[in-house]
Amino acid sequence: MPKLTDTQTIILSAAAQRADNLAMPLPKGLHGAAANKVITMMIGRGWLEEVDADLRKGEPLWRETGDGHGTTLVITDAGLLAIGVEPVVVKTMAAIRTHAAQPPAPKPPTPRAGTKQAMLIEMLQRPEGATMEEIVAATGWQAHTARGAISGALGKKLRLIVTSAKEEGRGRVYRIG
């Protein structure tokens, strides 16, 4: 293991503990020429690496590149080894922390039984499907309301795929699937 200064050890240890392996922000009191000297030397030894900062995620900037973008610092595998940490362990822990921070996927909404929406879904799931006239007669809705329910509630909210096709003798027939 290479000989590290206290400042280098603090920077690398902090980066190893962050989920995204960012070395930023630097320790309090380290700024200006001193920060530049330490970071330049750590980049030269391959312990840190400059990468584009994702400003939408709020990543702290190391320096601005002048074109409206900036860079941040991340610890490299060599930097992890310099403080005696296996890179695989850090990447596994980062993946676990990232996964734990993500909210669970929302479960899709389900229609209530006995409603007009449920009746509409049942009609559209039949092999013969349903025409707009049949839907209007069964639900008591006007045609524009039925089309809105098919497009909005079924298509967008419930993510059901509703197809329509013209059939000889029946006209336009709607089906789910």
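Residues numbered from 1 in each chain as written. Predicted model: local features only at pLDDT ≥ 70, side-chain atom pairs only at ≥ 80, totals over all residues. Heavy atoms only, no water.

Caption draft 1: Region of the structure containing the packing of helix α5 (residues 116-125) against helix α6 (residues 132-139). Look at α5 against α6: their axes get within 10 Å of each other, and the N-to-C directions meet at 150 degrees. Classified by the angle between their axes, α5 and α6 sit roughly antiparallel to one another. Crossing hand, α5 versus α6: right-handed. Where α5 abuts α6, its residues Lys116, Met119, Leu120, Met123 and Leu124 lie against Glu134, Ile135, Ala138 and Thr139. (Axes fitted to C-alpha atoms, helices over the stretch in contact; angles between N-to-C directions. Helix = DSSP H or I, 4+ residues; strand = E, 2+ residues; numbered from the N terminus. Parallel < 35°, antiparallel > 145°, perpendicular 65-115°, else oblique. Left-handed = near helix turned anticlockwise from the far one by under 90°. Contact = heavy atoms within 4.5 Å.)

Caption draft 2: Focus on the pairing of strand β3 (residues 70-75). With six of six residues buried, β3 lies mostly within the body of the structure. Residue alternation in β3 divides its side chains into two sets, Gly70, Thr72 and Val74 and Thr71, Leu73 and Ile75, and both sets are buried. Alignment of strand β1 (residues 48-52) against β3, held across five bridges, turns out to be antiparallel. Among the inter-strand pairings, Glu50 is bridged to a residue of β3, identified as Leu73. As defined by bridge partners, strand β2 (residues 63-64) adjoins β3 across two bridges and the pair is classed as antiparallel. Its bridge partner lying in β3, Glu64 is registered against Gly70. (Buried < 20%, exposed > 50% of the residue type's maximum accessible area, 1.4 Å probe, protein only. Pairing = 2+ DSSP bridges.)

Caption draft 3: Seen up close, helix α1 (residues 6-17). Its 12 residues place the ends of α1 17 Å apart at the C-alpha level, agreeing with the 16 Å of an ideal helix rising 1.5 Å per residue. Buried within α1 are the following residues: Gln8, Ile11, Leu12, Ala15 and Ala16. Seen along its axis, α1 keeps its buried residues to an arc of 130 degrees; they face one direction. When the buried face of α1 is taken as reference, the exposed residues oriented beyond 90 degrees from it are Asp6 and Gln17. (Expected span 1.5 Å × (residues − 1). Arc of directions from axis to C-beta.)

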